[in-house]
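Residues per chain are reported as follows:
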Amino acid sequence: MSRTPSSNARSAANTSVPLLDVHRQYDELRDDIRSAIDRVCDSGRFILGPECTALEQEIAAYCHAAHTVGCASGSDALLLALLALDIGPGDEVIVPSYTFFATASAVWRVGAKVVFAEIDADTFNVDAEHVASLVTPQTKAIIPVHLFGQCADMHAINRIARQFGLYVIEDACQAIGAELDGKRAGSMSHIGTLSFYPTKNLGGFGDGGMLTTSDDAIATRLRLIAAHGMSPRYYHRVVGINSRLDSLQACVLRVKLPHLERWTEARAANAARYHELFAERGLADAVRLPATASGCRHVWNQFVIRIDETRRDALRQFLTDSGVGTEIYYPVPLHMQECFQPIGCREGSLPITERAARETIALPIFPELSAAEQRRVVDRIGEFFSSNASRKLQTVEAAKPMRQMARRAS
Ligand SMILES: *Cc1c(COP(=O)(O)O)cnc(C)c1O
């Protein structure tokens, strides 16, 4: 990294803390991963094959699911789930607006109507009461997202689904291993979706995804649709898509999976340490720390704090300048995205979601993050609040163009 030698840059070089450093995990497992990759190269089986079958079985056991079906990405897993449940034009699917794009785009892709629901201000997860109020005779499914690694209120959502005869698809792409009252993410509904994108808790060396289900018929149909609806070979029973997990991804993920529990515990320890550090530094009022819902095992894919919206972008700029990696998940809620304007949602329609988008900032939480690095992150945040930077930079508003763009579109 070449930087101009300002005092900021000098301190950043010595003390920078990345949002995520994938090298540390690779360094730890390098030999095992390399020999697994060699094994696949020697076998000549690159698509599906024994590595994928073995990974499917191992993930099924880990997620407490009867069946798993590998696919090309978490986004495809959502699409496949909707296709397998025959959801399409004329149907409505309720999704949170505060999530990654794929949750809603899959619904749009199959031709169904996307219905955006509000979130709970404490957990960022979909508000079940609001979901219930959005059900119409056309509603076919609800897609709760286990956002940032914490399970949505599945008891309430499943109650609504039973009452109105709806399907539930858990978007567990950020939450592998998360639990609600002892049940694992992906095992509490008709279908669960997982992503192995490199920033997820179980990250591959490229794209990859998986579906979980405990319904035999749904599992068979998911597998059929993910392979061009073909069974037997060159006989196409339905029009599916091509979405396969490749063996190189599967073999890397199989090396990593036995370490996932340990990594999850390290993430939880880091989250607990942030809580201690923020309290010690007297920052508990300036910063709102993430809450864990009762009965939840949070797997901390992200550690997302909230601060006053007039200072959020200045804090992010200050941390960037001090070498601390952060991210905004998500700066523009989905109901305000340009591509979803035809749905007819406007700014102001989901105020809790919109406020979260203005106030949140994600801090480094990856398992290999050291205690010293965490102290540095919290020290820098303390400096921001005690310096003039928090006031002076108010006018900078790094994300202003983003918000204006969303506003223009509405
Ligand atoms: C990452 C993610 C996805 C999509 O996963 P990809 O593997 O990147 O396609 C879907 N939903 C949520 C909530 C995600 O975080």
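Residues numbered from 1 in each chain as written. Predicted model: local features only at pLDDT ≥ 70, side-chain atom pairs only at ≥ 80, totals over all residues. Heavy atoms only, no water.

A few points about the overall build of the protein
Working step 1: The secondary structure content of the protein amounts to 15 helices and 12 strands.
Working step 2: Taking the principal axes of the C-alpha coordinates as reference, the protein spans close to 70 × 55 × 40 Å.
Working step 3: Here the protein holds 410 residues, and 54% of them are scored as buried.
Working step 4: Of all intrachain contacts in the protein linking residues separated by at least 6 positions in sequence, the fraction that spans at least 24 positions is 72%.
Working step 5: As presented, the protein carries roughly 17800 Å² of accessible surface, and 51% of it is formed by carbon and sulfur atoms.
Working step 6: A distance of 3 Å separates the average location of the 44 positive side-chain charges in the protein from that of its 47 negative side-chain charges. (Helix = DSSP H or I, 4+ residues; strand = E, 2+ residues; numbered from the N terminus. Buried < 20%, exposed > 50% of the residue type's maximum accessible area, 1.4 Å probe, protein only. Contact = heavy atoms within 4.5 Å. Areas by Shrake-Rupley, 256 points an atom, 1.4 Å probe, with all protein chains shown as cover. Lys, Arg positive; Asp, Glu negative; His and termini not counted. Charge placed at Lys NZ, Arg CZ, Asp CG, Glu CD.)

Focus: the domain arrangement of the protein
How big an interface is tends to be reported as the loss of accessible area on association of its parts.
Working step 1: Segmenting the protein into domains produces domain 1 (23-258) and domain 2 (260-409).
Working step 2: Computed from C-alpha atoms alone, the centre-to-centre distance between domain 1 and domain 2 is 26 Å.
Working step 3: Taken together, the contact pairs 46 residues of domain 1 with 43 residues of domain 2.
Working step 4: Together domain 1 and domain 2 conceal approximately 3800 Å² of surface at their shared face, both sides included; 58% is due to carbon and sulfur atoms.
Working step 5: The tally of links from domain 1 across to domain 2 stands at four salt bridges. (Domains from an automatic or database assignment. Buried area = accessible area lost by both parts, 1.4 Å probe. Salt bridge = Lys/Arg side-chain N within 4 Å of Asp/Glu carboxyl O.)

So, helix α12 (residues 351-359)
Working step 1: For α12, every residue scored as buried is listed here: T353, E354, A356, A357 and E359.
Working step 2: Residues of α12 that are buried make contact with β3 (113-117), β11 (303-306), α11 (312-321) and β12 (360-363).

Section: helix α7 (residues 154-164)
Working step 1: Those residues of α7 lying buried are M154, A156, I157, N158, I160 and A161.
Working step 2: Buried residues in α7 make contact with α6 (128-134), β4 (139-142), β5 (167-171) and β6 (179-180).
Working step 3: G165 lies just past α7 and shows a positive phi near 65°.

Description of the sheet that holds strand β1 (residues 67-71)
Working step 1: Read from one edge of the open sheet, seven strands run β1-β9-β8-β5-β4-β2-β3, paired in mixed fashion. Single-partner strands in this sheet number two, and they are β1 and β3. When strand polarity is set aside, the average angle formed by the axes of neighbouring strands in this sheet is 25°.
Working step 2: Where β4 meets β5, two bridges bridge the pair, whose relative direction is parallel. Of the residues in β5, the one forming a bridge with I142 is V168.
Working step 3: Strands in contact with helix α3 (residues 49-63) are β1, β8 (191-195) and β9 (209-213); relative to β1, the strand with the most contacts, it is inclined by about 130°.
Working step 4: Contacts between α7 and the sheet are confined to β4 and β5, with β5 contributing the most and set at about 155° to the helix. (Pairing = 2+ DSSP bridges. Axes fitted to C-alpha atoms, helices over the stretch in contact; angles between N-to-C directions.)

Some words on the layout of surface pockets
Working step 1: As a volume, the largest pocket reaches approximately 420 Å³.
Working step 2: Together, 21 residues line the largest pocket, and F100, S195, Y197, T199 and K200 are the ones closest to its centre.
Working step 3: Residue assignment for the lining of the largest pocket shows that the elements contributing at least two residues are α4 (74-84) and α5 (102-109).
Working step 4: Residue assignment places the lining of the largest pocket across two domains, with domain 1 (23-258) and domain 2 (260-409) each supplying three or more.
Working step 5: When its volume is computed, the second largest pocket comes out at roughly 360 Å³.
Working step 6: Contributing elements (two or more residues each) for the lining of the second largest pocket: α3, β1 and α8 (216-226).
Working step 7: Looking at the lining of the second largest pocket, the element that brings in the most residues is α3, giving four residues.
Working step 8: Each residue belonging to the lining of the second largest pocket can be placed in one class, and the counts come to seven nonpolar, five polar and four charged. (1 Å grid on protein atoms, 1.4 Å probe; cavity = no way out; pocket = protein on both sides within 12 Å on 5 of 7 lines; lining within 4 Å. Points joined across faces, edges and corners; volume = space filled by probe spheres on them. Nonpolar A, V, L, I, M, F, W, Y, C, P; charged D, E, K, R; others polar.)

Regarding the packing of aromatic side chains
Working step 1: Going through the model one piece at a time under the given rule, you end up with 14 aromatic pairs.
Working step 2: Both rings, one in Y98 and one in F148, keep their centres 6.4 Å apart while their planes meet at 90°; by these two values the pair is edge-to-face. Remark: F148 occurs in the loop between β4 and α7 and Y98 occurs in the loop between β2 (92-96) and α5; sequence separation between them is 50 residues. Here Y98 and F148 have matching classes, each one buried.
Working step 3: Pairing W300 with F303 gives two aromatic rings, centres 5.5 Å apart and planes at 35°, and the pair type is tilted.
Working step 4: Classification of F303 by relative accessible area gives buried; the value is 0%. (Phe/Tyr/Trp six-rings, centres within 6.5 Å; stacked < 30°, edge-to-face > 60°.)

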